[in-house]
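Survey of secondary and tertiary structure
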Amino acid sequence: YPIYDDLYSFNAIYLTTNYDEYLDKTANKAYREFITRQDSSNEARDPIDSKPNYRIVCDKDDILVSELKNGNIIHFHGSSENESALIVTIVDYMTHYVKGSKPAVFLEEIFKSYTVLFVGYGLEEYEILEFMINKVSVVPNVIQHYMLYPIFKTESQLLKFQEKYYADLGIKLIPYPKDEHGYEQLSSVIQEWAKQI
C-alpha cells in the first residue's frame, strides 16, 4: 500500500498497535533502496552505512524509551511474527499497561515529550485508544497530540462532540472528508503531507 511509503517518509518514530508487518516491510524496502543507490554511486561505502538505521521492536521487554529514535517501528501490542506474545485479551491489556511496566513508562514518555499523530483509528479501536491515553497523565488545556479524523460533511454536530471529547484527552482532531472517496481519502491526505514534510 503506497500510504505506508508516504507515512514512512515522514522519518518519525512509529508506534503501532497493529499486528501487521506493512510498516516493517516499508522500512526494509526503504533501506534496500538506500543501499542500492549507494552501490550504484560507485563510492566507497562506510561499513556503518551498511547497517539499517532503524529498528523494529516487537517484544514487550524491548519497548524502552531508548528506542524512541526516528525510523524505528515499535509494535506496541506485538507483531504477527510472534503470535504467542500478542496483546489481545482484556487481561493482556491490563497487564501490559500496569503502572511502572516498560510499556507504561514508554507510553508516559511519548505523551509527555512528543507530539503524537494518530492515523487510521476506526470506531472499533477507540476503546484501545482511550485505554492507552487514560493510562498517562494529560496536561489540562495543552494540545500536543492530533488525530486524523474521517467525517462526512453532514456530521458537523458529531464532529463538535468528538472534538470536545478528544480535547479532554489532549487530542485535537484534524477532520478530513470521506464523502467522495471514503476512507481512501486518508491516502491522499498522507501523500500530500509527505510532499510537504
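Now for a quick tour of the structure. (Residues numbered from 1 in each chain as written. Predicted model: local features only at pLDDT ≥ 70, side-chain atom pairs only at ≥ 80, totals over all residues. Heavy atoms only, no water.)

Observations regarding the layout of surface pockets
Operational definition: Computed over the protein atoms alone on a 1 Å grid, cavities are sets of points where a 1.4 Å probe fits but cannot get out and pockets are open sets with protein on both sides within 12 Å along at least five of seven lines; a residue lines them when it has an atom within 4 Å of a point. Grid points are joined across faces, edges and corners, and a volume is the space filled by probe spheres set on the points. Here a strand is any run of E in DSSP of at least two residues, a helix any run of H or I of at least four, and the numbering for each starts at the N terminus. Residue classes follow a fixed rule: Ala, Val, Leu, Ile, Met, Phe, Trp, Tyr, Cys and Pro count as nonpolar, while Asp, Glu, Lys and Arg count as charged, and any other residue, Gly among them, counts as polar.
Estimates place the volume of the largest pocket at around 1,300 Å³. Lining the largest pocket are 41 residues, and of these L7, L117, F118, V119 and G120 lie nearest its centre. Put simply, the parts of the chain that give the lining of the largest pocket at least two residues each are α1 (2–8), β1 (14–16), α4 (102–113), β4 (116–118), β5 (145–151) and α7 (185–196). In terms of residue count, α1 provides more of the lining of the largest pocket than any other element does, four residues in total. Tallied by class, the residues present in the lining of the largest pocket amount to 28 nonpolar, nine polar and four charged. Each pocket or cavity is described by its volume, and for the second largest pocket that value is around 360 Å³. Looking at the lining of the second largest pocket residue by residue, the class counts come to seven nonpolar, six polar and five charged.

A closer look at the pattern of salt bridges
The line we're drawing: Salt-bridge detection follows one rule: a side-chain nitrogen of Lys or Arg within 4 Å of a carboxyl oxygen of Asp or Glu.
Inspection of every chain in the model, using the stated rule, returns five salt bridges. With a closest N to O distance of 3.5 Å, K112 and E109 form a salt bridge. Of the two residues, K112 and E109 are both situated in helix α4; the distance of three residues between them amounts to about one turn of the helix. Each of the salt bridges in this network shares a partner with another, and the network as a whole consists of R55, D62 and E67.

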